[in-house]
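The chain contents come next:
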Amino acid sequence: MSVILVLVTLSMIVAGSFLGAFIWAMKSGQYEDTYSPSVRMLFEDKKEESSHKQV
């Protein structure tokens, strides 16, 4: 019976830490912009090509 109490306590601590990490990520703005990171990689290649042409 005491093993169940230890496991429930441990799972509550792990769940609380994941909830805290999620709240920290939401407050720091990591999920605000979901479109530009996927498009940014397309434009980074064009900038490198233009810098090579200028040399």
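Residues numbered from 1 in each chain as written. Predicted model: local features only at pLDDT ≥ 70, side-chain atom pairs only at ≥ 80, totals over all residues. Heavy atoms only, no water.

Section: the overall build of the protein
1) Next: Counting its secondary structure elements, the protein contains 2 helices and 0 strands.
2) Next: Summed over all atoms, the accessible surface of the protein reaches about 5,400 Å², with 68% contributed by carbon and sulfur. (Helix = DSSP H or I, 4+ residues; strand = E, 2+ residues; numbered from the N terminus. Areas by Shrake-Rupley, 256 points an atom, 1.4 Å probe, with all protein chains shown as cover.)

Side note on the UniProt feature "transmembrane region" (unreviewed entry) in the protein
1) Next: UniProt tags residues 6-26 as "transmembrane region" (unreviewed entry).
2) Next: Along residues 6-26 the backbone is 100% helical and 0% strand, and the end-to-end C-alpha distance reaches 30 Å. (UniProt positions renumbered as here; feature names shortened; annotations may be inferred.)

Section: a nonpolar patch on the surface
1) Next: The grouping of V3, L7, L10, V14 and F18 at the surface amounts to a nonpolar patch, some 510 Å² of accessible area in total.
2) Next: With respect to the element layout, L10 can be found in helix α1 (residues 2-28). (Patch = residues over 30% accessible without salt bridge, like charges linked within 9 Å, V, L, I, M, F, W, Y side chains within 5 Å. Salt bridge = Lys/Arg side-chain N within 4 Å of Asp/Glu carboxyl O.)

So, α1
1) Next: Helix length check: α1, at 27 residues, gives a terminal C-alpha distance of 39 Å against a target of 39 Å (1.5 Å per residue), a fit within 8%.
2) Next: Just past α1, the residue G29 takes up positive phi, approximately 85°. (Expected span 1.5 Å × (residues − 1).)

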